[in-house]
Each structure stands twice: as C-alpha cells, then as structure tokens.
Amino acid sequence: MAISVTVTLLSGIQATVLMHEDETVADLRRKAQAALQRPLGKFIGTSGTLSSTSGTLVQAGVRDGDTITAIQQTVAVAATRSAFALIRADGTVMTWGRCRDGGDSSAVQHQLFDVQQIQASDSAFAALRGDGKVVAWGNLTPDNIFYDPPFSSDSNDDEPRGDVRFESVQSQLRDVMHIQASEEGFAAIKADGTVVTWGSEISGGNSSTVRNGLRDVCCIAAAGRAFAALRRDGSVVTWGDHDLGGCSDYVQNQLRDVLHIKGSKGGFGAVTASGHVVFWGFYNRELTEDEGDRLLETFDTKLQNVQQLQHFDNSCAAVDKDGHVAIWGPCGDLRKSRSLSGLERQQMGEVSCIQASGLFYSGAFAALRKDGTVVTWGFGPSGGDSTAVQHQLTDVVQIQASYRAFAALRSDGTVVSWGEKKASDTRSVQSQLHGVKAIQASHAAFAALREDGSVLAWGLKNFGGCTGAAQGQLKDVICIQANEAAFAAIRADGSVVTWGRRNFGGDSQEVSKELGRSTADAKIFAQALAEANAAAEAKAKMAKARAKAKAKAKAKAKAKNKTRRKAKTTADTKKVLQLRKRPAAKRPAAKKPAAKRPAANSGRELKFEAAVFTICGTVFFSLLSATLLSAVASVLFTMLFPGIGDILKHFLRYSWMQHTQWYACASERTCRRFPCIYASKTSIAQSNTTMCSNSFVPCTHTSLYIHTPTHSYIHIYIYIDIYIYIYIYIFIYIYTEI
C-alpha cells in the first residue's frame, strides 16, 4: 500500500514523497534527499527519532499523511593513502578502495553510527562517535611485535615497549574529544586531558615512555612518525621516532609558553609567545653530520602572534596576523632552487597565506599576497620558479598545492597552474577552465569545481588527472576530497562520485548504491564507459590499420627491391654469358717502350764519391780525436749493412746529446782548475740558447770564451769532435737515402 509522507526542513522547505509501507527509513531518506537536493541527517517523527535501523516505515510508526522533520547535515569524506570513508548525512559510514588500507569496514559496520569525525592514517581509519567512543579499522599496525595489555596515559603499570593493538585500548576510549593520526599511529585526547594511543611504536602508537607527562593536554599535533602534545601550561611532550620529532630533549629549554605546534613529514615547529619558532626532528639519515642534517633549532621570527607556519625539512616560512612574513632555510636542492633575495624579502608585502609543495629536498613555497599577487621560491621543478606564468598571477584568491605543482584560482574564475610539466598541464581543459570556485589536489593532479557544479581535472591521468567515464555524473557537486591518486566528489544530494586510480578508490561501482548514486547515474556511467571503450577500440583499430598499412607498404617495397635486384642479377648474368660466347678479338701486340738506361754508374759513383770524401775527412780529423775507432766502426757497419744506417743515425743523435752535456761539464771544471781562464758569467747563463758558429747543431759549451792561448787546445778538441759527428751523419744519410 502506498503512503504519502511530507519531509520538511527547519527552514520551512518541504517535499512530499510517495512511499510503500514495506520500504525502510533509509529509502525515505534517499528519496527525500533527491527531492530536496541536499543531504539530510536525523529524521524526527511523531514517535521520536527515526534511525536507519528502525526497519520498515510501518515498524517505525510512519503513517500515511505524516510530516517528518529532517535536520540538514553535511557529509564528509576522509582518505587514507588508497581508500575513502564517507560520513553520510545519517551518521553512518561507507568505505571503498584498497581493503587493507581501510577500504573494507564490514567487520565494524554495525558500530559505525552517529559518527561525528573520522581521522585517517596512511592505512587505517578511526571514527569518533557522538557518545565519545571510537571505532577503528584498516591496517592498524604493521606486522611487528604487538603489545596487548591495555595502556593509556593514566596507567601506572610498567609495560614493555612494542606496537599497541586497538582492541587492547578500546575499553579506555571513553569521553574522547579529538583524534589525531600519524603515518601508522593514533592518539586520542579524552575529556580529562589524558591521552590514549595505539598503532605502530615507531609512529607514536606507544606512549608508555612519556605517560607521566601526558596530563592536562589541550591539543595534539602529528608528524610523519611522531606526536607532540601541547599542555595547558604551554609545555610540550613528544614521543615516536626520535629522529623525526619523537625526541625534543635538546630543545626543551626553548619549549616554554608554546602557543601552537605545526607538524610535517619530518618533524615539528612550535611557535612561542615571544615570537620564536622552535624546531626539532628533521633528521635525514642519508646525510652525514658534517653536512648539517638538522634544521636550526631556534629561529627568532621577530613576529608577534604568528598565525601560520609552513615548513618541510630544512626550510620554513611564518606569517603573523598582519601578514608579515619571516623566511629562513636553504629550501631544498640548492642547484635547482630559487632563493629570495634580500630586496625581494623586504618587498614581500602583506601575505594572506603560504602553501608548500614537494617532499623532502624538493619542496617549494608559494605566498599569496593580500593584493592578489604571488611570490614563489624553492625547488624549481616543484613550482619554486613561476617565471613563465608570473604575468598571469594577479587577482589570485586561492592557491592549491600538489606534491609536484601549484594551481592558483583568480577572482574571475580562471586558473593558472605551474610546476612539473605533466602535473600542471591544463591544455586539455583550458577552454573550459573558467567559472571555477574551488580547487582540490591529489599527489600529481588537480580537480576544479565550477560554479555550475561541474568538475574539470588535469595532471597525471594515473593520479586522477582525467575524469573519464565519471564526467557525466559530475553535476551539482558541492565539494571534492582526494587521496594520493583518486578523487571523490560529493553532490548536493549527498551522493558521491569517484574517479582516479582504481585500487586507490577511484572505482566505486561496487558500492554505488551505498554512495547514493541512482539507477540513472549507473546508466550514464555505463553509456560513458561504452563510448570510452568504443573510442579506445576505434583508436586501437586505427592504430592497428596504420601499422598494417605500414607493414604492407614496407613488405611491398622490400619485394620491389628484391625483384629489381633479381632482374639486375639476371641481366648481368646474361651479359656475362654473351661475352663468353663471343670470340675474343685479336689485339695487336703493344710495343713496349724502350727502357731508359740510367747513366752508367751514376748512383754508384755518387755513393763512391761521398764515401771517399767522408772517409778522407773522417780519417784526417780522427787522427787528433779519441773517437777514431767508433767513427771507423760506424762507417764500416753502414757500408756492410745498409739497413743499420737508420739505427746508427738515432744512436749518433743520442750520443751527440750526451757529448754536449759532458763537454759542458768538462769545460766548466777546466776553467775552475786554471785561474788564467776567465769565463763570462753572462755568456754561461745564456748558453742554453747559443748556436755553434761552425755547425747547425745546438752546442751548450761553445759559448765559453777562452781568453788564454795556453789552453786553447780545449776549444780545438771540442770542434774536432763536432766535425766528426757531422761527417758520420752526412755519410750515413747519403748512403741510406740515395
């Protein structure tokens, strides 16, 4: 039997829907949300609150003509590394994505009601209910040593160190006010100011070492692998990985009157009442101690009332309430980084906010000034260099950062993107990129929400840079959430549409009904998917046809070349055969030219004359020299064995060098022995460049001018030996070359 139910909002807006008695309250909520085009929370009827577990409408006490008051409630999406969790308008939770990272909540689904908040680590979720209890699921701890006894900061027992299971502390999770998450750990603040932790020890899941200090805690900040608790007296307590922020012993003296704490991947930064920023953590295990592997412990910003702190690794920027900025640190890899000059820092002006992109030593900053302009610095490929788009960065109202690029939203609804080329390329959607009101980012892609509720995406396709078959469903979208490689868009009726990498939650077809998507959405998706598949098939077929045509043309050309070569070979063979069959023509005998007879004994006579001349000269001068034997031996060997001439020529060159050096030393010694011999010191100093006046051979000792005739025989002896070498050299050259 059909019944009519009127659903009205507190604002007075209402809608009447037709239902069947056998339908449930969940079906009523779904139809009412579709009619009112907004997510609805609690339903209050004449008999009280109607929950999704109330059964059918008849069982819930709903009758024909009843009016039910609906409380409007916004939906929210949380994301781990590769899964999503949706808090629906009725307070229930729907999950999808990689199961081991929190995409499967079936084991705790019966506990997931009246959920107010969801916090996500890299691979797990923790949901805070309205009654102050906590429900957790996913990969809560890695496969390490577990610690099962219950633990909280108000426990007095001495517990061993290790990872803490959620089940062991679930009974203590009462009156929880807030939950914070690191990479693999969780920390919950209770109403009495104590803290309960669970998860991996190296990520702060075990706080047993600081349990006595976790009192009167007002807030907790999380880094990648550590937690920092701010107490009401302004002191700070830390635990987790010592190198990445879990140990603050070396800065405890500076951690006084702390106002707020900012955590990042590698450590923490705390702003004190004096305007100082205190850092700890940021240890890079790949660097040595000599390379300055930690950020400066304390930096005086000279600012009052710091409102924003952005930092990563070795760089930081702080902004106070008046927009004044303090910047310090080298900011990434100096070889590819852009640093602000002193003048640029002075002219920074008033800044409204700062965004940071990149990881570790490849980070960059983008500061949005209050006049709508943007200043960037840091690692260039991550967006630290905006020179190419600087002229477009005016009237900017929002900056969004991925891990590889930036996107700036201007007041006219247009978008400017810069950074890594593939992650910031907007060419595929540039013509439609107008009327934008918000931007969201994954690790390497962006999604823009337009005023009409449609969505555009760009960047790396594998990170959600293409909406694909989901584009037709992206209508009436009110907000977008993202994880590492997928996006989730929440529509006005509370339903969710996803795209991106499949195993990161980009494909939610299996839970489309639970996410509020209608049958019409399924048809739109199926049609778009069919069109995409048809286009892909057509593209593949075209590519295959082109490849086939190319292969056919190549084979045809190959066959043609083969035929041409074969025809040429056949023609050459026929030509050769014809030449063989043809009788050989008798050619007249060629007259041999008369051989020119050389002049009689011209060469021999030349050799004989040279030999006689050389021998006579050598004998004459060798009579006065001790080198006669070597000279005769050289001439005889050259005449008997002509091939040895080349060897003797090289030997004589070497021997000449040795003699000149010996004569230089002998002359010096002689001059020193006889005081009557005077030598010019100036001439000796210039002896290395002097040439013998009677030969073409450089002589290092002939520059000694001997002024006394008594010992002139030294001078004569030297010249005699020079001539001997010259004649032998001339003889061997003539005898071997002519």
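Residues numbered from 1 in each chain as written. Predicted model: local features only at pLDDT ≥ 70, side-chain atom pairs only at ≥ 80, totals over all residues. Heavy atoms only, no water.

Q: Looking at this structure, I do not really get the environment of Trp280. What am I missing?
A: As for its placement among the helices and strands, Trp280 is situated in strand E22 (residues 276-281). The sequence separation of Trp280 and Gly246 amounts to 34 residues, and the corresponding C-alpha distance is 8.6 Å. Only 3.0 Å separates the side chain of Trp280 from the backbone oxygen of Gly245, close enough to count as a polar contact. (Helix = DSSP H or I, 4+ residues; strand = E, 2+ residues; numbered from the N terminus. Polar contact = N/O pair within 3.5 Å; in protein donor to acceptor, adjacent residues only side chain to side chain.)

Q: Any chance you could explain the pattern of salt bridges here in plain terms?
A: When charged atoms on two side chains of opposite charge get close, those side chains can pair. The tally for this structure, following the rule as stated, stands at 10 salt bridges. The salt bridge partner of Glu350 is Lys370, with a shortest N-O separation of 3.9 Å. Of this pair, Glu350 sits in the loop between helix H2 (342-346) and strand E28 (351-357) while Lys370 sits in the loop between strand E29 (364-369) and strand E30 (374-379), and the two are 20 residues apart along the sequence. For Glu350, a relative accessible area of 42% puts it in the partly exposed group. Note that Asp425 and Arg427 form a salt bridge whose closest N and O atoms lie 2.8 Å from each other. Classification of Asp425 as partly exposed rests on a relative accessible area of 26%. For Arg427, a relative accessible area of 66% corresponds to the exposed category. Through salt bridges with shared partners, a single ionic network connects Arg81, Arg98 and Asp101. (Salt bridge = Lys/Arg side-chain N within 4 Å of Asp/Glu carboxyl O. Buried < 20%, exposed > 50% of the residue type's maximum accessible area, 1.4 Å probe, protein only.)

Q: What is the right way to read empty space enclosed by the protein from this model?
A: The method is simple in principle: a probe with the dimensions of a water molecule rolls over the atoms, and the space it marks as empty is what remains. Following the criterion strictly, the structure yields 3 cavities of 30 Å³ or more and no others. Of the pockets and cavities examined, the second largest cavity occupies roughly 50 Å³. Around the second largest cavity, the lining comprises 10 residues; the ones closest to its centre are Gly45, Thr46, Gly61, Val62 and Asp66. Looking at the lining of the second largest cavity residue by residue, the classes come out as 4 nonpolar, 5 polar and 1 charged. (1 Å grid on protein atoms, 1.4 Å probe; cavity = no way out; pocket = protein on both sides within 12 Å on 5 of 7 lines; lining within 4 Å. Points joined across faces, edges and corners; volume = space filled by probe spheres on them. Nonpolar A, V, L, I, M, F, W, Y, C, P; charged D, E, K, R; others polar.)

Q: Would you take a moment to explain the layout of surface pockets for this structure?
A: Reported here for the second largest pocket is a volume of approximately 1100 Å³. Ala26, Arg29, Gln33, Arg88 and Asp90 are the residues nearest the centre of the second largest pocket, which is lined by 48 residues in total. Among the elements of the structure, helix H1 (25-36), strand E3 (40-45), strand E4 (48-50), strand E9 (115-120) and helix H4 (519-581) are those that each provide at least two residues to the lining of the second largest pocket. Here the lining of the second largest pocket gets 5 residues from one element, more than from any other, and that element is H1. Of the residues assigned to the lining of the second largest pocket, the class counts are 15 nonpolar, 19 polar and 14 charged.

Q: Just checking my understanding: could you explain H1 for this structure?
A: At 3.6 residues per turn, the α-helix brings residues three or four places apart onto the same side. With 12 residues, H1 extends 16 Å between its outermost C-alpha atoms, agreeing within 8% with the 16 Å of an ideal straight helix rising 1.5 Å per residue. Just downstream of H1, Gln37 is the residue with a positive phi angle, here 55 degrees. (Expected span 1.5 Å × (residues − 1).)

Q: Please clarify how the pairing of strand E15 (residues 185-190) should be interpreted in this entry.
A: Consecutive residues of a regular strand have side chains that alternate between opposite faces of the sheet. Within E15, 6 of the 6 residues are buried, which leaves the element mostly enclosed by the surrounding structure. The alternating pattern of E15 places Gly185, Ala187 and Ile189 and Phe186, Ala188 and Lys190 on opposite faces, both of which are buried. In this sheet, E15 lies alongside strand E14 (residues 176-181) in antiparallel orientation, the contact comprising 5 bridges. Its bridge partner lying in E15, His178 is registered against Ile189. Between E14 and E15, which pair antiparallel and follow one another directly, the connecting turn spans 3 residues. Examined bridge by bridge, E15 and strand E16 (residues 195-199) share 5 bridges and lie antiparallel to one another. In the sheet register, Ala188 faces E16, and the bridge partner there is Val196. The turn joining E15 and E16, which pair antiparallel and follow one another in sequence, is formed by 4 residues; a positive phi near 85 degrees is taken by Gly193. (Pairing = 2+ DSSP bridges.)

Q: Looking at this structure, how should I read the environment of Leu456?
A: For Leu456, the position within the fold is in strand E36 (residues 455-459). Sequence separation of Leu456 and Thr426 is 30 residues, and the distance between their C-alpha atoms is 9.9 Å. When neighbours within four sequence positions are excluded, Leu456 is seen to be in contact with Val429, Gln432, Leu433, Phe446, Ala447, Ala448 and Arg450. (Contact = heavy atoms within 4.5 Å.)

Q: Sorry if this is basic, but what is going on with the sheet that holds strand E17 (residues 217-222) here?
A: What holds strands together in a sheet is hydrogen bonding between their backbones, with the strands either parallel or antiparallel. An order of E17-E18-E19 is seen for the 3 strands of this open sheet, with the pairing classed as antiparallel. Two strands close off the open sheet at either side, each with one partner strand: E17 and strand E19 (236-240). On average, adjacent strands in this sheet sit at an angle of 20 degrees to one another, irrespective of strand direction. Taken together, the 5 bridges between strand E18 (residues 226-231) and E19 define a ladder with antiparallel strand orientation. In the sheet register, Phe227 faces E19, and the bridge partner there is Trp239. (Axes fitted to C-alpha atoms, helices over the stretch in contact; angles between N-to-C directions.)

Q: Looking at this structure, I do not really get the state of the cysteines. What am I missing?
A: Covalently bonding the sulfur atom of one cysteine to the sulfur atom of another cysteine gives a disulfide. Under the counting rule described, the total for this entry stands at 0 disulfides. In this structure Cys219 is a free cysteine whose sulfur lies 4.3 Å from that of Cys218, the closest cysteine sulfur available. Take Cys219: its relative accessible area is 32%, and that puts it in the partly exposed class. (Disulfide = S-S within 2.5 Å.)

Q: When you look at the confidence of the model for the chain in this model, what are you seeing that I'm missing?
A: Caution applies to low-pLDDT parts of the model: their predicted coordinates are not meant to be read in detail. For the chain, per-residue confidence averages 75 on the pLDDT scale, and 68% of positions sit at 70 or higher. Contacts for the low-pLDDT stretch residues 143-160, under 50 throughout, to residues beyond four places or in other chains number 48 contacts. Segment residues 674-715: pLDDT under 50, and 54 contacts once partners within four positions in sequence are set aside and those in other chains are kept. (pLDDT = per-residue confidence, 0-100.)

Q: In this structure, what is going on with the sheet that holds strand E33 (residues 415-419)? I would like to understand it.
A: Spatial strand order, E31-E32-E33: 3 strands in an open sheet with antiparallel pairing. Single-partner strands in this sheet number two, and they are strand E31 (396-401) and E33. Averaged over all neighbouring strand pairs, the angle between strand axes comes to 20 degrees, with direction disregarded. With 5 bridges joining them, E31 and strand E32 (residues 405-410) adopt antiparallel strand pairing. Considered in E32, the bridge of Val396 is made with Arg410.

Q: Got a minute to help me understand a positive patch on the surface in this structure?
A: On the surface, Lys544, Lys548, Lys550, Lys552, Lys554, Lys556, Lys558, Lys560, Lys562, Arg564, Arg565 and Lys566 cluster together into a patch of positive charge. Position of Lys554 among the secondary structure elements: in helix H4. (Patch = residues over 30% accessible without salt bridge, like charges linked within 9 Å, V, L, I, M, F, W, Y side chains within 5 Å. Areas by Shrake-Rupley, 256 points an atom, 1.4 Å probe, with all protein chains shown as cover. Lys, Arg positive; Asp, Glu negative; His and termini not counted. Charge placed at Lys NZ, Arg CZ, Asp CG, Glu CD.)

Q: Before we go on, may I ask you to explain the side chain of Ser402 in this structure?
A: As for its placement among the helices and strands, Ser402 is situated in the loop between E31 and E32. Ser402 gets classed as buried once you look at its relative accessible area, which sits at 2%. In terms of polar contacts, Ser402 uses its side chain to reach the backbone amide nitrogen of Arg404, at 3.2 Å. Discounting chain neighbours no more than four positions away, the residues touching Ser402 are Ser357, Gly358, Ala441, Ser442, His443, Ala444, Ala445 and Phe446.

Q: It is not clear to me how the packing of aromatic side chains should be interpreted in this structure. Could you clarify?
A: The geometry of an aromatic ring pair comes down to the distance between the two centres and the angle between the two planes. Enumeration over the complete set of coordinates arrives at 10 aromatic pairs. Feature note: the residues Phe166, Phe186 and Trp198 constitute an aromatic cluster, connected by ring pairs. Positioned above the aromatic ring of Phe463 is the side chain of Arg501, whose terminal nitrogen or guanidinium carbon lies 4.8 Å from the ring centre. (Phe/Tyr/Trp six-rings, centres within 6.5 Å; stacked < 30°, edge-to-face > 60°. Lys NZ or Arg CZ within 6 Å of the ring centre and 35° of its normal.)

Q: I would appreciate a short explanation of unusual backbone geometry in the present structure.
A: Most peptide bonds take the trans configuration, and most residues that are not glycine carry a negative phi. The backbone of Asp395 shows a phi angle near 55 degrees, a positive value even though the residue is not glycine. Mapped onto the fold, Asp395 is located in the loop between E30 and E31.

Q: Where do I start with the side chain of Ser182 in this structure?
A: Mapped onto the elements of the fold, Ser182 is located in the loop between E14 and E15. Relative accessible area serves as the criterion here: at 4%, Ser182 is assigned to the buried category. Within polar-contact distance, the side chain of Ser182 engages the backbone oxygen of Ser203 at 2.7 Å. Here Ser182 is in contact with Ser121, Asp122, Ser203, Ala222, Ala223, Gly224, Ala226 and Phe227, once residues within four sequence places are set aside.

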